[in-house]
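Letter by letter, the chains look like this.
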Amino acid sequence: MDALGTFVLILVAVVVGLIFLGVKSVPQGWAYTVERFGRYTHTMKPGLNFIMPIIDSIGHKLSTQETVMDVPSQKVITLDNAIVTCDAVAFYQIVNPAQAAYEVNDLGNAMINLVITNIRSVLGSMALDEVLSRRAEINDKLLAIIDQATSPWGVKVTRVELKDIAPPEDMVISMGRQMKAERERRAVILEAEGHREAAIKKAEGEKQAAILEAEGRKEAAFRDAEARERLGVAEARATAAVSEAIANGGLSAVNYFLGQKYVEALKDIGTAPNNKITFMPLDSSGVMGAVAGIAELTKQATAGGDGPWQRPKA
């Protein structure tokens with residue numbers, strides 16, 4: 001009985017041990033590959049799983065979570081022979097653990113080298129200005145290329161981002177000078193355009209002022225001509241009246257008009273701005289004759305006698 005009891009205890013212990021070896025618990029976010037005699041059979045998902053003890057074994061333990069991979073800094077020669085230093089970061093996720101475990105050896109190292117190679121290829125086909133200004137386009141192109149290349153490995157690349165692109169120091173200084181020169185050129189162009197607009201506005205203003213001034217001179221000349229015409233008509237009428245008076249024998253009227261003109265001339269001489277001293281009398285006999293003529297006309301008009309300007313009787 002002692003030997004049988006010992007055998008039973010040993011058998012129970014072996015069975016418990018085999019059960020313990022056959023029960024596997026996989027945590028969330030992980031996947032285990034199962035190998036039977038070194039050959040892949042299936043993949044265990046998160047939770048409680050069972051395998052055949054001794055016959056089956058765990059091959060690889062892979063994380064199915066999204067993984068961040070830092071790409072080390074590297075020097076890249078652009079299309080215009082500029083040397084830039086850049087680094088990147090990639091995000092990927094294992095979607096097929098069997099392919100990730102058995103289709104590629106050292107998945108992380110393979111991913112890093114693949115990203116580095118494609119960064120050099122994409123940046124090498126672009127000029128420096130394009131590399132610095134079209135980073136989003138470069139990221140999209142890298143993502144498409146790398147995701148397609150890693151698809152046979154059971155990997156899904158979700159994002160590739162260039163973290164930093166650093167040109168050489170001397171090129172940075174040259175770019176700064178170029179940017180400064182470009183800004184100064186734009187400032188000069190804007191200033192020249194401002195002067196041109198100001199000159200155009202000024203010329204238009206002077207043109208409008210000249211037009212208005214010409215119209216003013218035209219209107220003034222028209223008014224002067226009209227005034228001279230009216231004055232001429234008035235003088236013609238006065239001359240006609242004097243001629244009629246002379247024809248009727250009214251010499252007193254002639255003396256009146258001559259005296260009037262004479263007095264007006266003396267007035268102009270006395271009020272002239274360049275006249276300082278006026279000597280009198282100036283042909284006083286003529287002045288007295290004119291005054292006498294005026295008095296005679298006044299007397300005839302008051303007395304109602306016969307004269308050249310006598311009012312007709314009703």
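Quantities reported herein were computed from a predicted structural model and do not represent experimental measurements. (Residues numbered from 1 in each chain as written. Predicted model: local features only at pLDDT ≥ 70, side-chain atom pairs only at ≥ 80, totals over all residues. Heavy atoms only, no water.)

*Asks:* I would appreciate a short explanation of the overall build of the chain in the present structure.
*Replies:* Assigned secondary structure in the chain consists of 8 helices and 8 strands. The buried share among the 314 residues of the chain stands at 22%. Of the contacts made within the chain by residues no fewer than 6 positions apart, 63% connect residues no fewer than 24 positions apart. (Helix = DSSP H or I, 4+ residues; strand = E, 2+ residues; numbered from the N terminus. Buried < 20%, exposed > 50% of the residue type's maximum accessible area, 1.4 Å probe, protein only. Contact = heavy atoms within 4.5 Å.)

*Asks:* Help me out: how do you make sense of the pattern of salt bridges in this one?
*Replies:* Oppositely charged side chains may form a pair once their charged atoms are brought near each other. Following the criterion strictly, the structure yields 12 salt bridges and no others. Note that glutamate 213 and arginine 217 form a salt bridge whose closest N and O atoms lie 3.2 Å from each other. Taken as a pair, glutamate 213 and arginine 217 lie in helix α6 (residues 169-247) at a separation of 4 residues, close to a single helical turn. A cluster of three or more residues bridged by salt bridges with shared partners is formed by Glu219, Arg223, Glu226 and Arg230. (Salt bridge = Lys/Arg side-chain N within 4 Å of Asp/Glu carboxyl O.)

*Asks:* Explain the sheet that holds strand β6 (residues 67-77) to me, please; I cannot follow it from the model alone.
*Replies:* Note on sheets: strands pair through backbone hydrogen bonds, and any given pair is parallel or antiparallel. The antiparallel open sheet is built from 3 strands, whose spatial order is β6-β7-β8. Of all the strands in the sheet, the pair left with one neighbour each is β6 and β8 (155-166). Looking at each pair of strands side by side, their axes are set apart by 20° on average, direction ignored. As paired elements, strand β7 (residues 83-94) and β8 share 10 bridges and run antiparallel to each other. What sits directly across from tyrosine 92, in β8, is valine 157. Relative to the sheet, helix α3 (residues 107-124) contacts β6, β7 and β8, its axis offset from that of β6 by approximately 40°. (Pairing = 2+ DSSP bridges. Axes fitted to C-alpha atoms, helices over the stretch in contact; angles between N-to-C directions.)

*Asks:* I tried to follow the side chain of aspartate 147 on my own but got confused; where do I start?
*Replies:* Inspection of the secondary structure puts aspartate 147 in helix α5 (residues 135-150). From its side chain, aspartate 147 meets the backbone nitrogen of valine 157 in a polar contact 3.1 Å long. (Polar contact = N/O pair within 3.5 Å; in protein donor to acceptor, adjacent residues only side chain to side chain.)

*Asks:* What am I meant to see in the sheet that holds strand β3 (residues 39-44) here?
*Replies:* If you trace the 3 strands from one edge of the open sheet to the other, you get β3-β2-β5, paired in antiparallel fashion. A single partner strand is all that each edge strand has here, and the edge strands are β3 and β5 (56-63). For this sheet the average axis-to-axis angle between neighbouring strands, irrespective of direction, equals 30°. As judged from the 5 bridges shared by strand β2 (residues 30-36) and β3, these two strands associate in the antiparallel manner.

*Asks:* Where do I start with α3 in this structure?
*Replies:* Counted at 1.5 Å a residue, the expected span for α3 with its 18 residues is 26 Å, and the 26 Å between its end C-alpha atoms agrees. Taken together, the buried positions of α3 are Leu107, Ala110, Met111, Leu114, Val115, Ile116, Asn118, Ile119, Val122 and Leu123. If you follow the buried residues of α3, they end up packed against β6, β7, α2 (97-102), α4 (128-133), α5 and β8. (Expected span 1.5 Å × (residues − 1).)

*Asks:* Would you mind going over the packing of aromatic side chains with me for this structure?
*Replies:* Each pair of aromatic rings is reported with the distance of its centres and the angle of its planes. Scanning all chains against the criterion turns up 1 aromatic pair. Look at tyrosine 40 and tyrosine 102: their rings are 5.4 Å apart centre to centre, the planes differ by 55°, and that puts the pair in the tilted class. Taken together, the residues span a long stretch of sequence, with tyrosine 40 in strand β3 and tyrosine 102 in helix α2 at a distance of 62 residues. (Phe/Tyr/Trp six-rings, centres within 6.5 Å; stacked < 30°, edge-to-face > 60°.)

*Asks:* Is there a simple way to think about unusual backbone geometry in this case?
*Replies:* Peptide bonds are mostly trans, and most non-glycine residues show a negative phi. Phi is positive for isoleucine 54, which is not a glycine, with a value near 70°. Locating isoleucine 54 in the fold gives a position in the loop between β4 (47-50) and β5. A relative accessible area of 75% means that isoleucine 54 is categorised as exposed. Even without being glycine, asparagine 81 reaches a positive phi, approximately 65°.

*Asks:* Honestly, the confidence of the model for the chain in this entry has me stumped. Any pointers?
*Replies:* Chain-level statistics for the chain give a pLDDT mean of 82 and a share of 78% at 70 or above. The low-confidence segment residues 305-314 (pLDDT under 50) makes 13 contacts with residues lying over four places distant or belonging to another chain. (pLDDT = per-residue confidence, 0-100.)

*Asks:* Is there a simple way to explain the pairing of β2 in this structure?
*Replies:* Of all 7 residues making up β2, 5 are buried, and the element is well covered by its neighbours. Taken together, the 6 bridges between β2 and β5 define a ladder with antiparallel strand orientation. Note that in β5 the partner of glutamate 35 across the bridge is serine 57.

*Asks:* What is the right way to look at the side chain of aspartate 87 in this model?
*Replies:* Tracing the chain through its elements places aspartate 87 in strand β7. Buried charge without a partner: aspartate 87 forms no salt bridge, and the closest opposite charge is lysine 163, 4.3 Å away. At 3.1 Å, the side chain of aspartate 87 forms a polar contact with the backbone nitrogen of aspartate 164. When sequence neighbours within four positions are dropped, the list of residues in contact with aspartate 87 reads Val71, Pro72, Ser73, Leu162, Lys163 and Asp164. (Lys, Arg positive; Asp, Glu negative; His and termini not counted.)

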